[in-house]
Structures are given as C-alpha cells and as structure tokens.
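Descriptive structure summary
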Amino acid sequence: MIKVCKFGGTSMADANAIRQVKAIIDADKSRKFVVVSAPGKRNKNDIKITDMLYKCYGEVVATGKCESFAVIRSRFEEIVSDLELDCDITAVLDRTEKEIIENKSADFAASRGEYLSAYVTANYLGAKFVDAADLIRFDSKGKLNEEYTDDKVKTILDGVEFAVIPGFFGKDSFGKIKTFSRGGSDITGSIIARGVKADLYENWTDVSGFLVCDPRIVPEAKTIKQLTYKELRELSYMGASVLHSEAIFPVMKGKIPINIKNTFKPEDAGTMIVPNEMHKEDNETIITGIAGKKDFTVIYIEKSMMNAEVGFIRKVLSVVEHYGICVEHVPSGIDTVSIILASDQLEGILSDLVSEIRENVNPDYVHVIENVSLIATVGHGMAKRSGTAAKIFSSLAEKGINIKMIDQGSSELNIIIGVANSDYEDCIRTIYRAFN
C-alpha cells in the first residue's frame, strides 16, 4: 500500500508540530511520500511565513532589499535548532535571500516557504528531498500541464522509497517558478498521489475532517464521516475551506480516496472523500453539508415572451463577459432570468453594466438586488428523499427569513438559496437544526 501525506501550515508551524508529523509518519510505513506547506501561525497573533515572503517581494520591488527576511531566517533557524538537526541551514537561507532579490518574482518569493519547509522536514525524517520544480509544470496559459507533470512524477519518483516534496509551486513553460493559488499545497499532494498511483491521499490539517457547516456559526456542528468528490466540489466552491477546491481533480481521475485528518488528534477518523462508486449509503443522512458566501449582486431581468426570443440569455451573458466578470448562477423562468455575480467584481461598473444590458435586450424591467448571500445545502440523500426542499423552506419561513432566490442543480445534489447578508448566519443555523 502507498499513502501520500500532505501536512498543512499548522503542522509545520514549529519544532513540536514537526515532531508530531514524524510520529505520524513513523506509525505507518506505507506513508511514503510527504508533501508539506510553509510554516503557518504558531498562535493567533503570529504571521504565516508565506505572508512574510510576499512582504519580502514587496520590499525588493520598492527598495531592492528584503529586510523582512530576517524574520523568516530566525523562524527556520529556531526550528532547526529545536530539532537538533545537523544541516547548514544558514547557507541555504543565505542563498534563498539572494535568489529572492535577484528574481524579483512574487511567485518565486512565496514558494520559498514550502521549499525551506520541505528541506528541513526531509532532513529530520531522513527522507529524500525532491524539488516540486522538477515535477510540476504549467503551460503557456498558466494552467497545469497534466500530462507532462504526471509523466515527470512517475519518472522521478519511480523507485524512490521515501521522499518529502514542497507543495504550492512548480515551473512555468519558460522555466520560471510559478505557484498555485493560496492553499495550493493540497493540489500538489493530489498530483503526487495520482502520479505514484497511491491507494490513499491523507490531508493532515488542524481539524478532524469536514464539519457539516461552519462551527463559528453552529458550534455543535457534526463531523462529516464520508462525502463524495462531487459533494466536496459543491461545498468547497461555496466556501468550505478545509481542502483547496482544485485538489479534487487529480485524485478524481485516479479514483483515489482522500482522508482529511487532524495532525494533533491522529486517532480521530476524520472525513473520507470518495468516488461515487465507493460511497456507502447512510439512511440516517439526508444532507451532507451546508456552506455559503456573502456579498453577491443579483441582476433580475424580466421580458414578456423571453422564452421565444432566440439568443436572449446569450446576449445578456455576452454583456457580462465583455466586462470580464464571472457568472455564479443563472436561475430563470419563462419570462425572467437572474444573473448572480460576486459584488467585488462590480465596483464602479454596475451602473454601466445594467445600462448595456438594457440596450442589448430591451427588457420590460430590470431590478438590482445587492448584499445577497448564497447558501448551498448539499447531499446525496436529497435526491432520494421527498420533502427535503419543503423542510428547508418551511424552517426558514418559520424563522421569518425571506428567500430572494432559489437554484437547484439538475443533479439534485444541492439546493442553493439567496438571502440577505443580514440573514446569512441565521439561515445556516436554521437549515442545520432542521436536519439535526
């Protein structure tokens, strides 16, 4: 059996956390490939190493120096000292600081947190250090070159018994360091798991799996024992942040399960994320999870006989595309359509956008609703249980929460509703308690 383990920033935060990582690795010899993040916060007032590295990049651009690197240097020297490692970390840090100044690249600077973390961890575990830059490639458009990367992972890691790999970055088509979006070490772990044909991808963090909903809103929220790739995509897209939303794709193609585990409570079962065919039906569970986001704007458009006008919705969406805006949802009726957009994309252009929509499709009525939250209720059991939607809507009605929009996916895997930002927390609490 082969397991790929990814450890997040809290698992790399200091020497004690890294000792815990070693105990986890030593407990199971099938944990052969370890992907690590940069050190995260040691306490709520601490600063993540990646944030400090972005600050270094800003200083290099502004002054040609990176004085903040002293903080990063001190942090890694402290970790190496506390772990009593016999490695020349000073020389590695000297070289890293020089390269950050020479490269003048935000991606290069940010990637060094993972690089240094993996270097230290490999030394401590007695494992081979494999640079992610030698494994992961992006194409000329900045997208992951899956075929090339998969081939590199298979070739370079073939025959390697035990390795540590930095997460978060690779190389672009010009040979320059390029990073994934924040949290991208999850993607690296997934890529390695597929490349080595792992039996399981363990993602170690500081929580014991996915919770049904945000514990800051519902403190008694239960842990999800199992969910499918599709359910994860829906929940991650709507803001559930335990795992990067793009990390699912590499393992999904290889049908490799993911286990979300707690570094500091390794005995907890965590959450298993599996392909549909591995999903075990649970007659007790109707909904899997609830997640949401605030601050959307709805452009509601009404026109008689809209359904008979060829290209009506295409014309509306073409206007939105012209402004470079991503569309979140497009619920529609026979004479109506609503375009749901993230409000932060509309700053300074909303009025012009609405005017251009009017000019292009000549609607009878256009109304803009701002400060809307979207909340998704997700679950495999929903499609097979009558009355699920009725239970959601009736519970909200009892609480006096007004629903501004409803959008149910054709897969019947989720129901998305729109409510006022001011009702966001009450809405999540109400739905959770209706089913629990």
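Structure: see above.
Structure report, in brief.

Cut-offs and rules
- Residues numbered from 1 in each chain as written.
- Predicted model: local features only at pLDDT ≥ 70, side-chain atom pairs only at ≥ 80, totals over all residues.
- Heavy atoms only, no water.
- Core = buried A, V, L, I, M, F, W, Y, C linked by side-chain atoms within 4.5 Å.
- Buried < 20%, exposed > 50% of the residue type's maximum accessible area, 1.4 Å probe, protein only.
- Helix = DSSP H or I, 4+ residues; strand = E, 2+ residues; numbered from the N terminus.
- Contact = heavy atoms within 4.5 Å.
- Pairing = 2+ DSSP bridges.
- Axes fitted to C-alpha atoms, helices over the stretch in contact; angles between N-to-C directions.
- Expected span 1.5 Å × (residues − 1).
- Arc of directions from axis to C-beta.

Turning our attention to the nonpolar core. Counting residues in each nonpolar core, the largest one holds 117 residues, and the members touching the most others are I192 and I273. The element best represented in this core is helix α5 (residues 106–125), accounting for eleven residues. Those residues in contact with I192 that sit more than four places away from it in its chain are V4, F33, V35, L135, V153, L157 and I165. Counting residues in hydrophobic clusters, the runner-up holds 18 residues, among them I301, M306, I339 and I357.

Time to look at the sheet that holds strand β8 (residues 226–228). The strand order across the open sheet formed by eight strands is β3-β4-β2-β1-β7-β9-β10-β8, and the pairing between neighbours is mixed. Looking at strand neighbours, the two that pair on one side only are β3 (128–129) and β8, the edges of this open sheet. Strand direction decides the pairing type here: β8 and strand β10 (residues 271–274), joined by three bridges, are parallel. Its bridge partner being in β10, L227 is matched across the sheet by I273. The strands touched by α5 within the sheet are β2 (31–36), β3 and β4 (163–166), with β4 carrying the most contacts at an inclination of about 170°. The strands that helix α8 (residues 229–237) touches are β8 and β10; relative to β8, the one it contacts most, it runs at about 90°.

A few words now on helix α6 (residues 146–157). The first and last C-alpha atoms of α6 sit 16 Å apart over twelve residues, in line with the 16 Å expected at 1.5 Å per residue. Those residues of α6 not exposed but buried are T149, D150, V153 and L157. Here the buried residues of α6 occupy an arc of 100° about the axis, which is enough to place them on one side. Structural note: α6 exposes E147 and T155 on the side pointing more than 90 degrees away from its buried face. Contact partners of the buried residues in α6: β2, β4 and α7 (185–195). G159 sits one or two positions beyond α6 and adopts a positive phi of about 85°.

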